[in-house]
Structure formats: structure tokens, C-alpha cells
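Architecture and fold: a report
One letter stands for each residue in the lines below.
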Amino acid sequence: MHELSVVQSMMKIIEKHAKNKEVAKVAVKIGKMSGIEPYFLKESFDFFKENTVCKNAELEIIECEIKIKCKSCGAENEIKDFDFSCPVCGSLKTEIISGEEMHIEYIEIKE
Ligand SMILES: [Zn+2]
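First, a word on what this report is: a plain description of the structure on this page. Remember, predicted model here, so these are calculated numbers, not experimental data.

1. A few points about the packing of helix α1 (residues 2–18) against helix α2 (residues 38–48)
At a minimum axis separation of 9 Å, α1 and α2 run at an interaxial angle of 55°. Judged by the angle between their axes, α1 and α2 are oblique. The interaxial crossing formed by α1 with α2 has right-handed handedness. Contacts from Glu-3, Leu-4, Val-6, Val-7, Gln-8, Met-10 and Met-11 of α1 reach α2 at Phe-40, Leu-41, Ser-44, Phe-45, Phe-47 and Phe-48. Residues of the contact of α1 with α2, tallied by class, amount to 10 nonpolar, two polar and one charged.

2. Thoughts on the pairing of strand β2 (residues 58–64)
In this structure, strand β1 (residues 23–31) lies alongside β2, joined through seven bridges in parallel fashion. In the sheet register, Ile-30 faces β2, and the bridge partner there is Glu-63. Of the crossover connections in this fold, the one passing from β1 over α2 to the parallel β2 is right-handed.

3. Observations concerning the coordination of the zinc ion
Octahedral six-donor coordination of a metal ideally yields angles of 90 or 180 degrees, compared with 109.5 degrees for tetrahedral four-donor coordination. Within the protein, the zinc ion binds to Cys-70 (SG), Cys-73 (SG), Cys-86 (SG) and Cys-89 (SG); these donor distances fall in the range 2.3 to 2.4 Å. Around the zinc ion sit four donor atoms; with metal-centred angles ranging over 105 to 115°, the donor geometry is tetrahedral. Positions of the donor residues of the zinc ion along the chain correspond to the pattern C-x2-C-x12-C-x2-C.

About the cut-offs
- Residues numbered from 1 in each chain as written.
- Predicted model: local features only at pLDDT ≥ 70, side-chain atom pairs only at ≥ 80, totals over all residues.
- Heavy atoms only, no water.
- Axes fitted to C-alpha atoms, helices over the stretch in contact; angles between N-to-C directions.
- Helix = DSSP H or I, 4+ residues; strand = E, 2+ residues; numbered from the N terminus.
- Parallel < 35°, antiparallel > 145°, perpendicular 65-115°, else oblique.
- Left-handed = near helix turned anticlockwise from the far one by under 90°.
- Contact = heavy atoms within 4.5 Å.
- Nonpolar A, V, L, I, M, F, W, Y, C, P; charged D, E, K, R; others polar.
- Pairing = 2+ DSSP bridges.
- Right-handed = clockwise from strand over helix to strand, strands pointing away.
- Donors = N, O, S within 2.8 Å, 3.2 Å for Na, K, Ca; no water.
- Tetrahedral: all angles 85-135°; square planar, octahedral: opposite > 155°, others 65-115°.

Fair warning: the whole summary comes from geometry, so function is off the table for now.
Structure (C-alpha cells):
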């Protein structure tokens with residue numbers, strides 16, 4: 001499962017930032033094209049957090065929509081249902097500008 005290795009590398013980053021303090025909350029942003037299932041990410045996180053600085057941490061998942069830029073008219077739009085044509089001019093010459101990312105948005109440390 002892809003999510004497990006994602007969580008493993010996430011934990012490394014979190015531990016580096018937390019510096020042995022307990023983490024209260026972790027928010028991650030995942031694009032709808034990143035191939036990561038929020039449900040599995042949460043499961044993997046809960047599985048991994050035992051014995052880490054995140055043992056009592058809550059995971060917040062922020063899903064972000066797919067955004068495309070049209071190469072014909074330059075319009076930038078969020079798309080739904082994986083329709084990659086430009087909603088302004090109908091062109092199919094579009095590129096994905098966001099929606100493939102996966103990163104930690106913020107980490108909340110317990111005081
Ligand atoms: Zn267009």
C-alpha cells in the first residue's frame with residue numbers, strides 16, 4: 001500500500017520538526033490526483049503513530065481540487081469529474097497546475 005510509505009516519510013519530517021515534543025495535530029494537503037486515498041492515509045497514520053511523537057495527534061486531511069490551465073486561452077479553473085477540457089473555451093490543450101501534490105500543511109505542537 002502506497003499510503004504506508006507516505007506516512008513513514010511524513011513521520012520523519014514531523015519528528016524532525018517536533019523535536020521530541022508531543023504533536024497535537026497534523027494537517028496534510030492532498031491533491032485529488034496524488035493517488036492517495038484519504039481513508040487509507042488516516043488508517044496508516046493511526047497504525048504508525050504508536051510510540052511516536054504523534055501518538056495522541058489528530059490527522060486532518062485537506063483535499064484539494066484539480067486545477068488546470070488552458071494553453072489556448074490561459075484560463076485557470078478547478079475541474080470536476082476528471083473533465084480536463086477548458087470550461088471557458090472548450091480546448092483540450094490544458095495542463096494540470098495543481099491537484100498532484102501531497103505535503104504537510106502544518107504541525108501543531110502540544111504546549
Ligand atoms: Zn481555454
